[in-house]
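Structural features, examined
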Amino acid sequence: MPMLNIPTSSSMLFAGIAQDEANLMLPCLGATRRVFSREERIMRAGQPTEYLGIVLSGRVRIEVSDAWGETTILDILGPGSLFAHGYACSMEPLDIDVLADSACEVVLLKAERIIHPCPKQCGCHSHISSNLMRALALSNLDMNRRAIAMTPKTIRGKILAFLSQQQKKAGTRAFTIPYSQTKLASYLSVDRSALSNELSKLRKEGVIDYEGRTYRLL
């Protein structure tokens, strides 16, 4: 198969594994490179998947729709990010949709080949299995953090809880979030206009400042 350029320096799954070693493992992991156009569906809710994905370039969007067709964005992922790993490991049907938020390129890997011992006894197999375990744990923490951001009853409270988390994650008062205001409103499950109005109020009150996706806590 053509050599894939897995971003070992930024991908949690290949953390601590040299580029040449990662490339040698790819055939054992059933690696498949896929290219998607913007808004093209990568994985569909209701269907099981044996593959987990790594974003190579562009952005991938994770969203969920309810019975009435209302859609909520759960996450937007950039290069190096993992997706669908919990579903691939459990073989449970997806309750999320995975779409290309922009033109993107991903590599799909068979989860079973990561979980179970490699028949070729690749030296890095136990390392990548440990990395997958850590990625699953961090995904659980991310869900907990979203639940915390959703806990406040007011839009103002949700915004401040979300921005506080982002600021702590960045470690600086100025930071960039992965969402536009439209997608942030969807992530927080609030009305887009109401979110914009509340952000404007917070800026006038000197609580925050922002430009585009870059925010600063004052």
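Structure first, text after, so check above.
All of the points below concern the structure found in this document.

Cut-offs applied
- Residues numbered from 1 in each chain as written.
- Predicted model: local features only at pLDDT ≥ 70, side-chain atom pairs only at ≥ 80, totals over all residues.
- Heavy atoms only, no water.
- Core = buried A, V, L, I, M, F, W, Y, C linked by side-chain atoms within 4.5 Å.
- Buried < 20%, exposed > 50% of the residue type's maximum accessible area, 1.4 Å probe, protein only.
- Helix = DSSP H or I, 4+ residues; strand = E, 2+ residues; numbered from the N terminus.
- Contact = heavy atoms within 4.5 Å.
- Phe/Tyr/Trp six-rings, centres within 6.5 Å; stacked < 30°, edge-to-face > 60°.
- Lys NZ or Arg CZ within 6 Å of the ring centre and 35° of its normal.
- Polar contact = N/O pair within 3.5 Å; in protein donor to acceptor, adjacent residues only side chain to side chain.

1. Let's talk about the nonpolar core
- Ranked by size, the top nonpolar core spans 22 residues in total, and within it L13, F14, L52, L109, I114 and I128 carry the most contacts.
- Contributing elements (two or more residues each) for this core: α1 (19-25), β3 (51-57), β8 (104-110), α3 (111-115) and α4 (125-150).
- Contact partners of L109, with chain neighbours within four places excluded, come to L13, F14, L26, L29, A31, E50, Y51, L52, I54 and I114.
- I76, L188, V190 and L195 belong to the second-largest nonpolar core, a separate cluster that totals 21 residues.

2. Comments concerning the packing of aromatic side chains
- The final tally for this structure, using the stated rule, is four aromatic pairs.
- Ring centres of F162 and Y179 lie 6.0 Å apart, and the angle between their planes is 40°; this geometry places the pair in the tilted category. Of this pair, F162 sits in helix α5 (residues 155-170) while Y179 sits in the loop between β9 (174-176) and α6 (181-187); the two residues are 17 residues apart in sequence, bridging distant segments of the chain. Y179 carries the same exposure label as F162, and that label is buried.
- Through a chain of ring-to-ring contacts, three or more aromatic side chains come together here, namely F162, Y179 and Y187.
- Stacked on the ring of Y187, the Lys or Arg R146 has its end atom at 4.7 Å from the ring centre.
- One cation-aromatic arrangement involves R203 over Y210; the distance from NZ or CZ to the ring centre is 3.9 Å.

3. Overview of the side chain of E105
- Assignment of secondary structure puts E105 in strand β8.
- Reaching out from E105, the side chain makes a polar contact with the side chain of R33 at a distance of 2.4 Å.
- Setting aside residues no more than four positions away along its own chain, E105 makes contact with R33, R34, V35, I54, V55, L56 and S57.

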